[in-house]
Amino acid sequence: MPGGRLTQAERQQIALGLADGLAYAEIARRLDRPTSTVTREVMRNGGPTSYRADLAHRATERRAQRRRQAAPRGTQAPPPAYGRDPEAVRAYEELFTTVMMASGMPKMMARVMACLTLTDSGSLTAAELVQRLQVSPASVSKAVTFLDSQGMVRRERDERRRERYIVDDDIWYRSMMASAKAIAQVVETARQGVGVLGAGTPAAVRMENVARFLDFVSESTARAAEQAREILHTKPESTTADED
């Protein structure tokens, strides 16, 4: 059932596929599921080296139970903004989180980043993040501290003196510039190695080539980020279909 939740049998098939070294796409093909479903399932349950079908199944059941308990009885949830499909939004948020985890961001930090990015306001309080993600305040605090240190979020006080965590239009620009700076540091270190290893030796030549390659990447990344920065502050042009 491609549109339904993964069954325990399917999770066992995923575990067997991972043990056999199959790619996510091949496992998904055998299950008749989207590749994103398999990727998200594995990444949120320990990753390819630690995934266990039984633990993943129990974790999914616990998350579903927490969501049911989070909705107070006798109250009706507000209608979704802009007529969105809540299930589709939830699935997309998980996919977005998985992609950021695959790029190297720790799981909790990726969850907080996705949650903030996909809100229309682009800002939430700690209490709101705790409620949306169903995690402890300590987990949110640790994630926000990490994201703040990376320039991915900023903090502001609202009219009620509550601290709000905000993602603004420049976070991706700052992220790219931070990446370029980190690469530049590797370049400097690699060139120091040339002197230590002895110019012209095989190891020194290798390090010099690494330095030249990464130097080009760093400069290109910074230049492209500067040139494209304005895109983050503009609205896409309306298409004919939008105007009809």
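Because the structure is a prediction, the values reported are computed rather than measured.

Parameters and conventions
- Residues numbered from 1 in each chain as written.
- Predicted model: local features only at pLDDT ≥ 70, side-chain atom pairs only at ≥ 80, totals over all residues.
- Heavy atoms only, no water.
- Helix = DSSP H or I, 4+ residues; strand = E, 2+ residues; numbered from the N terminus.
- Buried < 20%, exposed > 50% of the residue type's maximum accessible area, 1.4 Å probe, protein only.
- Contact = heavy atoms within 4.5 Å.
- Areas by Shrake-Rupley, 256 points an atom, 1.4 Å probe, with all protein chains shown as cover.
- Axes fitted to C-alpha atoms, helices over the stretch in contact; angles between N-to-C directions.
- Left-handed = near helix turned anticlockwise from the far one by under 90°.
- Nonpolar A, V, L, I, M, F, W, Y, C, P; charged D, E, K, R; others polar.
- Expected span 1.5 Å × (residues − 1).
- Core = buried A, V, L, I, M, F, W, Y, C linked by side-chain atoms within 4.5 Å.
- Salt bridge = Lys/Arg side-chain N within 4 Å of Asp/Glu carboxyl O.
- Polar contact = N/O pair within 3.5 Å; in protein donor to acceptor, adjacent residues only side chain to side chain.
- Pairing = 2+ DSSP bridges.

J.: Account for the overall build of the chain, naming residues and giving values.
T.: A count of helices and strands for the chain gives eleven helices and three strands. Listing every helix and strand of the chain by position from the N terminus yields α-α-α-α-α-α-β-α-α-β-β-α-α-α. A buried classification covers 32% of the 244 residues belonging to the chain. Partitioning the contacts of the chain with sequence separation of at least 6, the portion at a separation of at least 24 is 53%. Summing over all exposed atoms, the chain offers an accessible surface of approximately 15700 Å²; the carbon and sulfur share of this is 54%.

J.: Could you give an account of the side chain of T125, naming the residues involved and the relevant values?
T.: Mapping T125 onto the fold places it in strand 1 (residues 123-125). The exposure class assigned to T125 is buried, which follows from its relative accessible area of 6%. If we skip the residues at most four places from it in the chain, T125 touches R162, E163, R164 and Y165.

J.: Account for the packing of helix 1 (residues 8-19) against helix 2 (residues 24-31), with residues named and values stated.
T.: Contact geometry of helix 1 with helix 2 gives a least axis separation of 10 Å together with a crossing angle of 145°. As for the relative orientation of helix 1 and helix 2, their crossing is right-handed in sense. In this structure, helix 1 uses E10, Q13, I14, G17 and L18 to contact helix 2, whose residues at the interface are Y24, I27 and L31. Here the contact of helix 1 with helix 2 is composed, by residue class, of five nonpolar, two polar and one charged.

J.: Run through helix 9 (residues 171-197), naming residues and quoting values.
T.: Along its 27 residues, helix 9 runs 39 Å from first to last C-alpha, staying within 8% of the 39 Å computed at 1.5 Å per residue. Those residues of helix 9 that fall on the buried side of the exposure criterion are I171, Y173, S175, A180, I183, V187, A190, G193 and V194. Looking at the buried side of helix 9, the elements it contacts are helix 6 (107-117) and helix 10 (202-228).

J.: Please set out the nonpolar core residue by residue, giving values where relevant.
T.: Grouped together as the largest cluster of nonpolar side chains are 26 residues, with contacts concentrated most on M105, V112, M113, L116, L129 and L147. The leading source of residues in this core is helix 6, at eight residues. In this view, L147 contacts M105, M109, V112, M113, M152 and V153; residues no more than four positions away in its chain are not counted.

J.: Please set out the pattern of salt bridges residue by residue, giving values where relevant.
T.: According to the stated counting rule, one finds 17 salt bridges in the structure shown. Between R154 and D168 there is a salt bridge, with its nearest N and O atoms 2.8 Å apart. Pair noted here: R154 is in strand 2 (residues 154-157) and D168 is in the loop between strand 3 (163-166) and helix 9, with a separation of 14 residues, a long-range link. The class for R154 is partly exposed, based on a relative accessible area of 31%. Notably, a salt bridge pairs D215 with R191, separated by 3.7 Å at the nearest N-O pair. A residue pair is termed long-range when its members are at least 10 positions apart, and D215 in helix 10 and R191 in helix 9 qualify at 24 residues. The partly exposed category is assigned to D215, whose relative accessible area is 23%. The class for R191 is partly exposed, based on a relative accessible area of 36%.

J.: Describe unusual backbone geometry, and please don't skip the residues or the numbers.
T.: The phi angle at D32 is positive, at roughly 60°, despite the residue not being glycine. Here D32 lies in the loop between helix 2 and helix 3 (35-43). A positive phi angle, close to 55°, is found at Q134, a residue other than glycine. Turning to its location among the elements, Q134 is positioned in the loop between helix 7 (126-133) and helix 8 (137-149). Among the residues examined, Q134 registers a relative accessible area of 28% and is labelled partly exposed.

J.: Provide a residue-level description of the side chain of R33, including the pertinent values.
T.: For R33, the location among the structural elements is in the loop between helix 2 and helix 3. Note on R33: relative accessible area 7%, which makes it buried. Only 2.8 Å separates the side chain of R33 from the side chain of E10, close enough to count as a polar contact.

J.: Residues and numbers for the sheet that holds strand 1, please.
T.: Overall, antiparallel pairing links the three strands, which are arranged 1-3-2 in an open sheet. The open sheet has two edge strands, strand 1 and strand 2, and neither has a second partner. For this sheet the average axis-to-axis angle between neighbouring strands, irrespective of direction, equals 35°. For strand 2 and strand 3, the ladder comprises four bridges, and the chain directions are antiparallel. Across the sheet, R155 pairs through a bridge with Y165, a residue of strand 3. Running at roughly 90° to strand 1, helix 7 makes contact with strand 1 and strand 3 of the sheet.

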